[in-house]
Protein chains: 2
Amino acid sequence: MSSFKQADHKLLMIPGPIEVSDDVLLANAHPSMAHVSPDFVPVFGESLEMLRKVADAPSSQPFIISGSGTLGWDLAAVNLLEKDDDVLVLTTGYFGDSFAECIAMYGAHPTQVVAPVGSRPSESEIEIALKQKKYKAVTITHVDTSTGILMDVEAITKIVKRVSPDTLVILDGVCSVGSEEIHMDAWGIDYLLFASQKGIGIPPGLSLSLASPRAMKTFASRTTPPAGFYTSWTKWLPVMKAYEARTPAYFATPPTNLIYALHTSLKTITEGPVSLAQRFEKHREASQRVKKGIENLGLEQLAQPDSRQNGVANGMTAVRYPQGFKASDILPKMAQRGVVFGAGLHKDAKDEYFRIGHMGVSVVDPARRDVDIILQKLEEALAEAGYQKQ
Amino acid sequence: MSSFKQADHKLLMIPGPIEVSDDVLLANAHPSMAHVSPDFVPVFGESLEMLRKVADAPSSQPFIISGSGTLGWDLAAVNLLEKDDDVLVLTTGYFGDSFAECIAMYGAHPTQVVAPVGSRPSESEIEIALKQKKYKAVTITHVDTSTGILMDVEAITKIVKRVSPDTLVILDGVCSVGSEEIHMDAWGIDYLLFASQKGIGIPPGLSLSLASPRAMKTFASRTTPPAGFYTSWTKWLPVMKAYEARTPAYFATPPTNLIYALHTSLKTITEGPVSLAQRFEKHREASQRVKKGIENLGLEQLAQPDSRQNGVANGMTAVRYPQGFKASDILPKMAQRGVVFGAGLHKDAKDEYFRIGHMGVSVVDPARRDVDIILQKLEEALAEAGYQKQ
């Protein structure tokens with residue numbers, strides 16, 4: 001076992017990138033390897049297989065591609081949609097809006113159901129929307145990183161299956177995979193896209209995704225070619241199949257070091273001492289502790305009361321500044337105490353709240369005590385800023 | 001200074017990924033950082049500035065984007081070309097063919113000038129082609145990684161300026177930037193695309209590129225929007241400008257760890273004890289030594305006699321197997337000796353040759369003696385395989 005220890009640094013408690021363990025960082029510093037080497041091929045192949053486990057998607061086709069989470073939207077738009085397709089976009093923040101913009105850029109037509117800041121579309125709103133038009137696909141942002149609102153994906157997929165069974169279900173799991181329960185096959189999700197730097201616990205730079213057999217069939221029966229080259233599954237599918245069959249193939253050089261890091265983290269997530277079910281439970285527990293701690297300090301969540309019961313993320317919390325306080329009163333005081341929180345992002349409330357990430361090793365490894373630390377430091381920072389609980 | 005040493009491994013002497021230095025690998029294992037952190041912002045900003053130095057392109061606009069080298073083709077096609085534009089593609093191997101395929105995927109029309117295996121298009125062929133049709137752009141693969149053929153970019157740009165001055169010059173520098181001399185501004189290159197895992201000396205996962213003022217003007221005067229979302233400069237340009245101005249901006253989470261690695265390597269390349277001019281000279285010297293060593297062993301280059309004088313890469317060498325020998329006779333014996341060479345890639349000669357990479361630390365750091373080692377091991381492997389020099 002290596003004795004590699006990462007350098008001292010501020011505790012990174014934003015909704016991604018998140019704290020990364022020493023063993024994963026050491027894997028990211030793996031000696032340079034040929035992407036076709038017999039040593040690397042199984043690392044890539046096993047990583048693809050482990051993605052299926054994390055998404056509980058035994059029937060799906062996984063993809064590991066060099067890029068940011070954002071690239072996953074393009075992959076959906078390029079491979080699953082065609083020009084003039086109608087798409088229903090369920091929006092709880094910045095990332096729903098952007099996904100709609102991406103879809104429109106490729107010539108499909110997004111119709112948004114936009115929830116007010118801190119809320120989520122109701123099941124009846126979604127049902128009504130699905131009945132109004134025949135949609136090729138519905139997109140759901142599982143957790144919108146700008147608000148921390150959690151969608152009830154299982155309930156929504158049930159509505160879709162009942163009202164519009166031919167409609168594909170596309171799930172943006174960037175801020176949920178690894179920290180929120182997902183059963184891709186059982187729930188009937190057709191395309192799940194995510195990234196490396198959140199619940200998966202590695203540095204940013206990988207676009208990760210899985211496609212259901214129905215999604216692959218939709219892709220295979222396109223009447224127009226995919227509207228991109230780097231984004232085309234025509235190019236990537238043979239590569240993913242080859243590596244899973246333990247033979248190399250080439251379209252673009254895979255990001256070998258990030259794939260070593262991914263492999264290391266996925267091994268821990270799927271085969272480590274903490275089971276996947278326990279991992280999700282630990283995220284729920286930590287989230288409750290953070291949200292309770294916030295409440296004890298007299299602070300409000302960005303989430304409206306109607307969403308607070310079940311509609312908030314377990315991997316992050318969006319917190320309103322106390323009346324009369326702003327980012328510059330609090331965040332620098334946290335940084336001085338060695339803790340990094342995220343600023344607000346939703347266009348209509350950007351300056352009114354901050355964001356705390358509580359994912360991955362920060363909540364799964366109890367020895368770190370990260371949640372206790374941040375709540376303690378937040379109390380100190382608020383006191384120094386002159387805040388008094390009402 | 002850290003005492004981090006990468007794990008023992010086979011010497012990776014393929015035309016990318018290449019051997020990476022310990023300090024760069026340690027930077028790739030940097031603790032997780034917020035992409036908007038005041039500590040990270042200058043690392044991104046300085047990296048953009050240093051890209052201009054490596055390309056000798058003071059007037060250009062640099063881009064650092066999460067993705068493979070291949071993504072650079074899409075960036076060119078999406079932002080500089082529009083549907084039905086004509087493009088002249090100068091092809092010396094696999095990568096020229098693929099670039100043409102990418103261009104066609106976006107609805108532009110590539111016309112290829114294809115050289116026979118191991119040769120390059122002549123200047124007169126290029127001039128004739130440029131006179132036959134008005135091309136929006138000409139693309140040049142500086143070094144085609146599949147053949148190791150080097151194009152005389154300076155000479156070609158002179159022809160373009162003389163015969164068709166409005167035509168944009170797009171240079172695929174994936175296998176040349178950092179190991180071949182490039183003067184982007186002086187030569188009049190409009191778009192230069194490359195990747196992280198070759199002459200730049202870091203792990204794969206970054207699409208790097210620079211656009212000339214003329215390219216940015218072409219982009220700004222498009223009549224149709226860019227044909228992509230993740231690939232759109234409309235999205236990336238404000239981000240790059242912001243980081244260079246030392247403020248954060250967001251479109252997609254940048255690959256923070258790879259950018260730390262990039263920063264570390266670019267510092268060495270642009271400000272280290274070996275100047276950029278000396279770096280190119282060291283690549284030329286090493287290349288001569290490899291090519292001379294190959295000749296001494298009685299082996300032939302893939303490059304035809306007409307290309308050997310000036311038309312071969314300084315960062316790699318493509319070598320024909322001796323008559324009667326094949327990959328399985330030689331490459332496993334090299335691997336047993338701790339050296340990884342690359343297999344052939346050109347569709348018409350795949351099984352007839354192997355590829356040696358000699359870039360970056362392997363040739364710039366003389367203490368490593370990598371060139372001596374590989375020539376020695378190759379001699380041993382050939383002898384074990386029963387080869388006798390004719």
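Counting restarts for each chain: residues are numbered from 1 in the order of the written sequence. To label them, take the chains in the order written and letter them from A, then take the ligands in the order written and number them from 1. Where local features are concerned, this predicted model is filtered to residues with pLDDT of at least 70; where side-chain atom pairs are given and counted, the filter is 80 or more; whole-chain, interface and lining totals use all residues. Side-chain numbers here rest on the full set of heavy atoms in the structure, without hydrogens or water.

By the naming in an unreviewed UniProt entry, chain A goes by alanine--glyoxylate transaminase and is assigned to Malassezia restricta.

Novice: Hey, could you run me through the overall build of chain A in this one?
Specialist: Put simply, DSSP marks the helices as runs of H or I at least four residues long and the strands as runs of E at least two long, and each gets a number from the N terminus on. Looking only at helices and strands, chain A features 15 helices and 14 strands. Taken against the 2.2 N^0.38 rule, which gives 21 Å for 390 residues, the C-alpha radius of gyration of chain A at 21 Å falls within 12% of a compact globule. If you line up chain A on its principal axes, its C-alpha atoms span 60 × 55 × 30 Å. Here chain A holds 390 residues, and 64% of them are scored as buried. Restricting the calculation to C-alpha atoms gives the radius of gyration, and the globule rule supplies 2.2 Å times the number of residues raised to the power 0.38. Partly exposed residues are those whose accessible area sits between 20% and 50% of the maximum for their type, while under 20% is buried and over 50% is exposed, using a 1.4 Å probe and protein chains only.

Novice: Whenever I open this one, the interface of chain B and chain A confuses me. Can you help?
Specialist: The extent of an interface is frequently quoted as the accessible surface area lost upon association of the parts. Contact with chain B, which involves 57 residues of that partner, is made by 57 residues of chain A. Two parts lose some accessible area (1.4 Å probe) when they are put together, and adding that loss for both gives the buried area. For the pair chain B and chain A, the summed buried surface comes to about 4,200 Å²; carbon and sulfur atoms form 64% of the total. When the area that chain B buries against chain A is broken down by residue, the three leading residues are S32(B), M105(B) and F229(B), summing to 16%. Between D39(A) and K10(B) there is a salt bridge, with its nearest N and O atoms 3.7 Å apart. Here a polar contact is taken to be a pair of N or O atoms separated by no more than 3.5 Å, where protein atoms must pair a possible hydrogen donor with a possible acceptor and residues adjacent in sequence count only if both atoms sit in side chains. The tally of links from chain B across to chain A stands at 19 residue pairs in polar contact (both at pLDDT 80 or more). Sorting the residues of the side of chain B that touches chain A by element identifies α1 (22-28), α3 (71-80), α4 (94-105) and α10 (256-271) of chain B as the ones contributing at least two each. Here the nonpolar group is Ala, Val, Leu, Ile, Met, Phe, Trp, Tyr, Cys and Pro; Asp, Glu, Lys and Arg are the charged ones; every other residue, Gly included, is treated as polar. A breakdown of the residues in the side of chain B that touches chain A according to their chemical character gives 33 nonpolar, 18 polar and six charged. The criterion used for residue contact is that any of the two residues' heavy atoms lie within 4.5 Å. Salt bridges are counted wherever a side-chain nitrogen of Lys or Arg sits within 4 Å of a carboxyl oxygen of Asp or Glu.

Novice: In this structure, what is going on with unusual backbone geometry? I would like to understand it.
Specialist: Trans peptide bonds make up the majority, and among non-glycine residues the majority have a negative phi. Residue and element names in this part refer to chain A. Here the residue pair G16 and P17 is connected by a cis peptide bond, since its omega of -5° sits within 30 degrees of zero. For P17, the position within the fold is in the loop between β1 (11-12) and α1 (22-28). Located in the positive-phi region is D56, a residue other than glycine, with phi close to 50°. Note that D56 resides in the loop between α2 (41-54) and β2 (61-66).

Novice: So what exactly am I meant to see when it comes to the UniProt feature "modified residue: N6-(pyridoxal phosphate)lysine" (unreviewed entry) in chain A here?
Specialist: Residue and element names in this part refer to chain A. Under the present numbering, the feature "modified residue: N6-(pyridoxal phosphate)lysine" (unreviewed entry) in UniProt falls on K198. Inspection of the secondary structure puts K198 in the loop between β9 (191-195) and β10 (206-211). Residue contacts for K198: discarding those within four places in its chain leaves P15, G16, I18, T145, V174, C175 and M359. UniProt positions are given in the numbering used here, feature names are shortened, and annotations may be inferred rather than shown by experiment.

Novice: What is the right way to look at the sheet that holds strand β2 (residues 61-66) of chain B in this model?
Specialist: Strand-to-strand pairing in sheets goes through backbone hydrogen bonds, with the strands running parallel or antiparallel. All names here are of chain B. In space, the seven strands of this open sheet follow the order β2-β10-β9-β8-β5-β3-β4, with mixed pairing throughout. Only two strands of the sheet have a single neighbouring strand rather than two, namely β2 and β4 (109-114). The mean angle between the axes of side-by-side strands here comes to 20°, regardless of whether they run parallel or antiparallel. Between any two strands, pairing holds if DSSP finds at least two bridges. Bridge count for strand β9 (residues 191-195) against strand β10 (residues 206-211) is five bridges, and the pairing is antiparallel. Looking across to β10, one finds that L193 is bridged to S209. Helix axes are fitted to C-alpha atoms over the stretch in contact, other axes to C-alpha atoms as well, and angles between N-to-C directions run from 0 to 180 degrees.

Novice: Please clarify how helix α8 (residues 213-220) of chain B should be interpreted in this entry.
Specialist: What sets the pattern is the α-helix's 3.6 residues per turn: residues three or four places apart point alike. Residue and element names in this part refer to chain B. Of all the residues in α8, the buried ones are A215, M216, T218 and F219. Looking straight down α8, one finds that the buried residues subtend no more than 155° of arc, so they occupy a single side. Every exposed residue of α8 that faces more than 90 degrees away from the buried side is listed here: K217 and A220. Contacts made by the buried residues of α8 are with β2, α3, β8 (168-172), β10 and α9 (233-244). What the arc covers is the set of directions going from the helix axis to the C-beta atoms.

Novice: Would you mind going over the relation of the copies chain B and chain A with me for this structure?
Specialist: Look at the two chain copies: a rotation about an axis and a shift along it is all it takes to match them. Superposition of the copies used a least-squares fit over C-alpha atoms from residues whose pLDDT is at least 70 in both. The transform that puts chain B on chain A rotates by 180° and translates by 0.0 Å along the axis, for an RMSD of 0.0 Å. This pairing of chains is accounted for by a two-fold axis. Of every C-alpha in chain B, the one belonging to G67(B) sits nearest the axis of rotation, 2.2 Å from it. When the interface residues of chain B are mapped onto chain A, 100% of them are again interface residues, pointing to one common binding face.

Novice: Please explain the UniProt feature "binding site: substrate" (unreviewed entry) in chain A as it appears in this structure.
Specialist: Residue and element names in this part refer to chain A. Within this numbering scheme, the UniProt entry marks R355 as carrying the feature "binding site: substrate" (unreviewed entry). Along the chain, R355 turns up in strand β14 (residues 353-357). Residue R355 is classed as buried on the basis of its relative accessible area, which comes to 11%. Residues within four places of R355 in sequence aside, it is in contact with M13, P15, T145, S146, M316, T317, A318, F341, G342, A343, G344 and L345.

Novice: Teacher, can you tell me more about the sheet that holds strand β14 (residues 353-357) of chain B here?
Specialist: Residues and elements named next belong to chain B. An order of β11-β14-β13 is seen for the three strands of this open sheet, with the pairing classed as antiparallel. Here the strands that pair on one side only, and so sit at the sheet edges, are β11 (316-320) and β13 (342-343). Relative to β14, β11 runs antiparallel, the two sharing five bridges. Within the sheet, the bridge partner assigned to R320 lies in β14 and is Y353. Contacting β11 and β14, helix α11 (residues 276-296) runs over the sheet at an angle of about 10° to β11.

Novice: What exactly am I supposed to notice about the packing of aromatic side chains here?
Specialist: Remark: the centre distance and the inter-plane angle together describe each pair of aromatic rings, the angle taken between the planes. When two rings of Phe, Tyr or Trp (its six-membered ring) have centres within 6.5 Å they constitute a pair, described as stacked for plane angles under 30 degrees, edge-to-face for angles over 60, and tilted for the intermediate range. Counting across every chain of the model gives 39 aromatic pairs over all chains. A ring pair is formed by F4(A) and F4(B), whose centres lie 5.8 Å apart and whose planes are at 70°; its orientation type is edge-to-face. In this pair, F4(A) sits in the segment before β1 while F4(B) sits in the segment before β1 (11-12), so the two residues belong to two different chains. With centroids separated by 5.2 Å and ring planes inclined at 35°, the aromatic side chains of Y321(A) and F354(A) adopt a geometry described as tilted. With a gap of 33 residues between them, Y321(A) in the loop between β11 (316-320) and α13 (327-336) and F354(A) in strand β14 connect regions that are remote in the sequence. The pair Y321(A) / F354(A) is uniform in exposure class, with both members buried. Through a chain of ring-to-ring contacts, the aromatic side chains of W73(A), Y94(A), F95(A), F99(A), F229(B), Y230(B), W236(B), Y250(B) and F251(B) assemble into a single cluster.

Novice: Looking at this structure, I do not really get the packing of helix α5 (residues 123-132) of chain B against helix α6 (residues 153-163) of chain B. What am I missing?
Specialist: For any two helices packed against each other, the geometry comes down to the angle between their axes and how far apart the axes lie. Residue and element names in this part refer to chain B. Contact geometry of α5 with α6 gives a least axis separation of 10 Å together with a crossing angle of 30°. Compared by their axis directions, α5 and α6 come out roughly parallel. For the pair α5 and α6, the crossing hand works out as right-handed. Seen from α5, the contacting residues are E123, I126, E127, L130 and K131; seen from α6, they are A155, I156, I159, V160, R162 and V163. Residue composition of the contact of α5 with α6, by class: seven nonpolar, no polar and four charged. We call two directions roughly parallel when the angle between them is under 35 degrees, roughly antiparallel when it is over 145, roughly perpendicular when it lies between 65 and 115, and oblique otherwise. Each crossing gets its hand from how the near helix is turned against the far one by less than a right angle, where anticlockwise is left-handed and clockwise is right-handed.

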